[in-house]
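One letter stands for each residue in the lines below.
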Amino acid sequence: MSKMLVSKSSVNIRMTSNITALTTFMLLTGCQTLPNTTSKAIQAPANHMSASHLLTARMPAIDWQGRIAYVEEQGLGIAKVSTLYSIRPDGSDRQLIDQLNGYIYAPAWSADGQMLAYSKQAPRQHPKIYIYNRGNSTRNLVVNAEGSNMSASFSPDGQHLLYSSTVGGNADIYEMRLSDGSTKQLTTLPSTEVQPSYAADGKSFVYTSDKVRAGRPSIYRYTFATGNAVLLSTGSYAASPQLSMDGQRMAYLNGRKAAVMTLTTGQVVNLAETGLDEPARLSPSGNYVVYPTKLSQVSGKNSGSLVIHSLSGNTSYAINSQNGGVVRSPVWGR
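**Q** Even after reading the chapter, I still don't get the overall build of the protein chain, so can you show me in this structure?
**A** Looking only at helices and strands, one finds four helices and 24 strands in the protein chain. Taken across its 334 residues, the protein chain has 54% of its residues classed as buried. Considering only contacts in the protein chain between residues 6 or more positions apart, those separated by 24 or more positions represent 44%. Surface summary for the protein chain: the accessible area is close to 14200 Å², and the carbon and sulfur share equals 48%.

Following this line, the structure appears as structure tokens:
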């Protein structure tokens with residue numbers, strides 16, 4: 001597999017010179033702090049273990065056998081340390097995947113749960129995309145083009161990778177063939193196109209764009225067969241979409257709230273305020289979600305947790321951070 005993951009791109013991506021577009025890009029792809037939340041799961045830590053066992057006992061095997069990857073941040077500015085972990089949905093078997101002085105963004109699992117793509121940004125460097133292989137615990141650099149390379153998403157067959165990158169002052173979406181690193185640009189608009197995520201059938205993907213109004217993102221669906229994108233009706237500010245495996249639901253950021261929409265009816269379930277850039281992420285079965293929340297400051301330090309929520313039972317439990325840091329960008333894989 002390591003031979004398939006190469007550090008090259010056929011697209012010559014230039015470092016952005018447009019500060020406004022770059023600010024919008026980073027706003028949409030994960031550079032905000034989280035506000036306080038009023039989640040009942042956080043207010044009752046004493047019930048964490050019983051709630052966890054009760055909820056996981058009802059989960060289908062595809063969910064409780066899976067792993068949740070997430071980022072924990074500690075420190076500020078040049079002292080920022082980001083750690084990428086994976087954990088079982090019941091809070092057990094926490095494993096360290098990567099760590100650096102800087103930022104780690106937007107982890108994303110492959111469909112089989114064996115590969116994890118994510119972006120890393122060391123001080124004074126641009127974000128680069130890596131892929132972690134669970135089988136041999138290796139990390140391979142796959143996108144090292146000049147610019148901000150973010151929000152990777154695996155195709156269902158694991159052969160391609162969608163991601164967004166800045167070009168000439170704005171961000172567009174690209175698809176890379178992992179076998180040889182060849183890359184195709186899919187969007188060419190002057191607006192900001194970010195956060196692509198494949199549909200389970202591989203025929204389309206959803207993404208975020210502010211092409212109607214700058215700084216006011218909406219969600220679109222791009223179809224590979226036609227090369228066209230259509231707006232998904234979500235109402236107000238909407239970003240960071242993810243489709244369920246059966247295509248019936250979409251998790252996303254609805255204004256300042258993590259939300260899930262049933263696509264056939266348009267019904268929206270708002271879960272909690274998690275911050276401008278922190279949506280919910282669906283479990284493999286689509287019946288549960290995970291999202292991060294920020295706890296009140298303790299001794300002047302921020303801390304956070306993961307919230308696991310049942311969409312059918314309307315019950316939740318929390319998994320605390322490993323070292324009292326701010327928890328970000330959880331994603332649930334097989």
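**Q** Whenever I open this one, the packing of aromatic side chains confuses me. Can you help?
**A** Two descriptors summarise a pair of aromatic rings, namely the distance from one centre to the other and the angle between the planes of the rings. Going through the model one piece at a time under the given rule, you end up with eleven aromatic pairs. When the centroid spacing of 5.7 Å and the interplanar angle of 25° are considered together, the rings of Tyr163 and Tyr174 count as stacked. With Tyr163 in strand E9 (residues 160-167) and Tyr174 in strand E10 (residues 170-177), this residue pair connects regions lying eleven residues apart in the sequence. Exposure class is identical for Tyr163 and Tyr174. Each is buried. Judged by centre distance (6.5 Å) and plane angle (45°), the ring pair of Tyr288 and Trp332 falls under tilted.

**Q** Could you clarify how one ought to interpret empty space enclosed by the protein in this entry?
**A** If a probe the size of a water molecule is rolled over the atoms, the empty space left behind becomes visible. Under the defined criterion, the tally for this structure stands at one cavity of 30 Å³ or more. Each pocket or cavity is described by its volume, and for the largest cavity that value is around 30 Å³. In terms of lining residues, the largest cavity is bounded by Glu72, Glu73, Gln74, Val81, Thr83, Tyr85 and Asn323. At the level of elements, strand E1 (67-74) and strand E2 (81-87) are the ones that each hand at least two residues to the lining of the largest cavity. By residue class, the composition of the lining of the largest cavity is two nonpolar, three polar and two charged.

**Q** What is the right way to look at the sheet that holds E2 in this model?
**A** In sheet architecture, strand pairing relies on hydrogen bonds along the backbone and comes in two forms, parallel and antiparallel. Spatially, E3-E2-E1-E24 is the arrangement adopted by the four strands of the open sheet, whose pairing is antiparallel. Edge positions in the sheet fall to strand E3 (95-101) and strand E24 (326-333), since each has one partner strand and no second. The mean angle between the axes of side-by-side strands here comes to 15°, regardless of whether they run parallel or antiparallel. Across six bridges, the pairing between E1 and E24 is antiparallel.

**Q** Would you mind going over the pattern of salt bridges with me for this structure?
**A** Any two side chains of opposite charge can pair, given that their charged atoms come close. Counted according to the given criterion, the structure contains seven salt bridges. Between Glu73 and Arg328 there is a salt bridge, and its shortest N-O distance comes to 3.5 Å. Taken as a pair, Glu73 in strand E1 and Arg328 in strand E24 lie far apart in primary sequence, 255 residues in all. Taking the relative accessible area as the measure of exposure, Glu73 reaches 8% and is therefore buried. Close ionic contact of Asp180 with Arg177 constitutes a salt bridge, the shortest N to O distance being 2.6 Å.

**Q** Would you mind going over the environment of Tyr132 with me for this structure?
**A** By secondary structure assignment, the location of Tyr132 is in strand E6 (residues 128-133). For Tyr132, a relative accessible area of 8% translates into the label buried. Once the C-alpha coordinates of Tyr132 and Met115 are considered, the two residues, 17 residues apart in sequence, prove to be 5.6 Å apart.

**Q** Would you explain the environment of Ile97 in this entry?
**A** Looking at the element boundaries, Ile97 is found in strand E3. A sequence separation of 28 residues divides Ile97 from Ala69, and the C-alpha atoms of the two residues are 8.9 Å apart.

**Q** I keep staring at the environment of Asp180 and nothing clicks. Help me out?
**A** Summarising the element assignment, Asp180 is placed in the loop between E10 and strand E11 (183-185). One polar contact links Asp180 to Ser182, side chain to side chain, over a distance of 2.8 Å.

**Q** How should the sheet that holds strand E19 (residues 267-273) be read in this particular structure?
**A** The strand order across the open sheet built from four strands is E16-E17-E18-E19, with neighbouring strands paired in antiparallel fashion. Of all strands in the sheet, those with a lone pairing partner are strand E16 (238-243) and E19, marking the two edges. Across the sheet, the mean angle from the axis of one strand to that of its neighbour is 25°, orientation sign disregarded. Where strand E18 (residues 257-262) lies against E19, six bridges are found, and the strand directions are antiparallel. Looking at E19, one finds that Lys257 is bridged to Glu273.

**Q** How should the layout of surface pockets be read in this particular structure?
**A** Of the pockets and cavities examined, the largest pocket occupies roughly 870 Å³. Along the wall of the largest pocket there are 45 residues; nearest its centre are Ala108, Ser197, Gln242, Arg281 and Val331. Residue assignment for the lining of the largest pocket shows that the elements contributing at least two residues are helix H1 (19-29), E1, strand E4 (103-109), strand E8 (149-154), strand E12 (193-198), E16, strand E20 (281-282) and E24. A breakdown of the residues in the lining of the largest pocket according to their chemical character gives 25 nonpolar, 14 polar and six charged.

**Q** Just to check I follow, could you spell out the pairing of E6 for this structure?
**A** When a strand is regular, its side chains alternate between the sheet's two faces. Counting buried positions along E6 yields six of six residues, so the element is predominantly enclosed. Every second residue of E6 is oriented toward a common face, with Lys128, Tyr130 and Tyr132 on one face and Ile129, Ile131 and Asn133 on the other, all of them buried. The turn joining strand E5 (residues 115-121) and E6, which pair antiparallel and follow one another in sequence, is formed by six residues; a positive phi near 65° is taken by Arg124. Taken together, the five bridges between E6 and strand E7 (residues 138-143) define a ladder with antiparallel strand orientation.

What counts, and at which threshold
Residues numbered from 1 in each chain as written. Predicted model: local features only at pLDDT ≥ 70, side-chain atom pairs only at ≥ 80, totals over all residues. Heavy atoms only, no water. Helix = DSSP H or I, 4+ residues; strand = E, 2+ residues; numbered from the N terminus. Buried < 20%, exposed > 50% of the residue type's maximum accessible area, 1.4 Å probe, protein only. Contact = heavy atoms within 4.5 Å. Areas by Shrake-Rupley, 256 points an atom, 1.4 Å probe, with all protein chains shown as cover. Phe/Tyr/Trp six-rings, centres within 6.5 Å; stacked < 30°, edge-to-face > 60°. 1 Å grid on protein atoms, 1.4 Å probe; cavity = no way out; pocket = protein on both sides within 12 Å on 5 of 7 lines; lining within 4 Å. Points joined across faces, edges and corners; volume = space filled by probe spheres on them. Nonpolar A, V, L, I, M, F, W, Y, C, P; charged D, E, K, R; others polar. Pairing = 2+ DSSP bridges. Axes fitted to C-alpha atoms, helices over the stretch in contact; angles between N-to-C directions. Salt bridge = Lys/Arg side-chain N within 4 Å of Asp/Glu carboxyl O. Polar contact = N/O pair within 3.5 Å; in protein donor to acceptor, adjacent residues only side chain to side chain.

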